[in-house]
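Residues per chain, in single letters:
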Amino acid sequence: MVAPIQHEALAEHIEAILRNPEAMKDERLRRRLSEGGRKLGITLEDSGATLRRVGYAHFQSALARTGIEAGVFAVLEAELDRQFTNGELAEKTGVDPKLSKRLLRYFQSQDIVSQPSVDGYRTNNVTRVLGSSGYGTSLLFFVKVMAPAVMAIPDFLKKQGYKDPNGVTPGAFHLGHRTDMHPFAWREGRPSVFDVVDFENDLARGATSSTPLFVDVGGATGSQCVAFRRRYSNLVGRVILQDVPQVVEQVMAHPLDGFENIEVEAQNFLTPETVKGGRAYYFRNVLHEWPDEKVVEILVNVKTSMADESVILIDEAVLSERGCPWRAAQQDMEILAAFSAYERTEAEWRSLVEDAGLMVRDVRKYTEEYEDTVIVVGLT
Ligand SMILES: C[S@@+](CC[C@H](N)C(=O)[O-])C[C@H]1O[C@@H](n2cnc3c(N)ncnc32)[C@H](O)[C@@H]1O
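Criteria and cut-off values
- Residue numbers restart at each chain and count upward from 1, following the sequence in its written direction.
- Reporting in this predicted model follows two pLDDT cut-offs: at least 70 for local features of residues, and 80 or more for side-chain atom pairs to be given and counted; totals over whole chains, interfaces and linings ignore these cut-offs and use all residues.
- Here, axes are lines fitted to C-alpha atoms. For helices the fit covers the stretch in contact, and angles between N-to-C directions go from 0 to 180 degrees.
- Secondary structure elements are taken from DSSP: a helix is a run of H or I of four residues or more, a strand is a run of E of two residues or more, and numbering for both begins at the N terminus.
- Roughly parallel refers to an angle under 35 degrees, roughly antiparallel to one over 145, roughly perpendicular to one between 65 and 115, and oblique to any angle outside these ranges.
- Working definition of a contact: two residues with C-beta atoms, positioned from the backbone, lying within 7 Å.
- UniProt positions are given in the numbering used here, feature names are shortened, and annotations may be inferred rather than shown by experiment.
- With C-beta atoms placed from the backbone, a residue is labelled by how many other C-beta atoms lie within 10 Å of its own: buried for 20 or more, exposed for 12 or fewer, partly exposed between the two.
- Given the number of residues in a helix, its expected span is that number minus one, multiplied by 1.5 Å.
- Any nonpolar core is a set of buried residues, restricted to Ala, Val, Leu, Ile, Met, Phe, Trp, Tyr and Cys, that join up through C-beta atoms within 7 Å.

The subject of this paragraph is the packing of helix α9 (residues 133–151) against helix α16 (residues 326–339). Between α9 and α16, whose axes approach to 9 Å, the crossing angle comes to 85°. In terms of orientation, α9 lies roughly perpendicular with respect to α16. Contacts from Met146, Ala149 and Val150 in α9 reach Met333, Glu334, Ala337 and Ala338 in α16.

Moving on to the UniProt feature "active site" (unreviewed entry) in the chain. Look at the UniProt record and you will see "active site" (unreviewed entry) annotated at His288. Mapped onto the secondary structure, His288 falls in the loop between β6 (280–284) and α15 (292–303). Given 22 C-beta atoms within a 10 Å radius, His288 is considered buried. Ignoring any residue separated from it by four or fewer positions in sequence, one finds His288 in contact with Glu316, Ile335, Ala341 and Glu343.

The next point concerns the environment of Thr208. Locating Thr208 in the fold gives a position in the loop between α12 (199–203) and β3 (212–217). Under the C-beta neighbour-count criterion, Thr208 is labelled exposed, with 8 such atoms within 10 Å. Taking the C-alpha atoms as reference points, Thr208 and Arg238, separated by 30 residues in sequence, lie 8.7 Å from one another.

With 17 residues, helix α2 (residues 27–43) extends 24 Å from end C-alpha to end C-alpha; this agrees with the ideal 24 Å at 1.5 Å per step. Counted residue by residue, α2 has 0 buried out of 17 residues, so it is predominantly exposed.

What follows deals with the nonpolar core. Core analysis: the biggest nonpolar cluster contains 61 residues, and Ile312, Leu313 and Ile314 have the highest contact counts within it. Take this core: its biggest share by element is 7 residues, from strand β7 (residues 311–319). When near neighbours in sequence (up to four residues on either side) are disregarded, Leu313 contacts Val193, Val197, Ala280, Tyr282, Val374 and Val376. If you look at the next biggest cluster of nonpolar residues, it comprises 18 residues, including Phe84, Val95, Leu104 and Val143.

Right under this line is the structure:
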């Protein structure tokens, strides 16, 4: 039986965690409390707070962008253990002190920076993310590239008569940016296929130097090929990056660090796959841009070159039917905005694989928040 809730004691415990968040070492518990706290905040909020949380959601991203571009977070982040006065921050960033104080007031109210004293500001876990060059660049991309597309979703869907926009162009991205340019997707650094597929023992058995081990189809810059070579530096066999000719040219002109012993090939996946008998044909965040009938066509094009030991690895979000986490559901809206496409559920993926005359051998999820998953597909 669950003991009656001691609300007062619970509030004190929460306040104690907030005073010393670093003490929370257990990762599973940390996630549970973080997600529980988020839901609790929503469940207990009053109607005015609901209105502002939902209606003002874009304030936070717009002002975070300002803080990144003005260099506020980078300055704070450079000296983790020190408090800065508003005057110091204004001087280092070149922001007018009056404006700087207003921005800092807003940032502390959103827990983006900490304010331990009246005129003292310091970095916290959020500042550390926004102040780092990698995440900061991703955030700028979200705000500058994705936000206009996302804000165009309502008009786009209304115009569509609220039909699911499978492959429709122009999409929300084009409306929001007033362009007919093709949008590109991106990824933040997070766990990967290599955490759930054991290439060494499952896929590379008996391979020789001429065996195509890893064919990264629509692999863009080839970051996954580089990651493969780094992770499996002992494996013999070919690693091949395939993409459209323009991308291939760019990769050859400006290869990533560590881009060694990797072949690059212009290959249109809407035509039959040219590499025969590959051990793994890898598609990461490629198929989710395409409508159902094209996905089936692309899979059939690979099937023509597969051998018994070949697999297709579909590395995509696989959305839960119930209780889909917010990051994954939000990514579905991003894909809607960018490509008029959709993130699929397991049943939807299985149906496409079957339509291509292939078999799902395994489904391995490797992130909880995004529901990143590898679907292992074979001939039988
Ligand atoms: C969203 S990116 C995914 C990149 C990469 N797999 C990753 O996870 O970083 C989609 C890639 O598919 C490529 N692509 C689009 N159409 C293609 C086609 N018909 N044949 C081959 N590649 C194509 C694009 O050039 C782009 O690099």
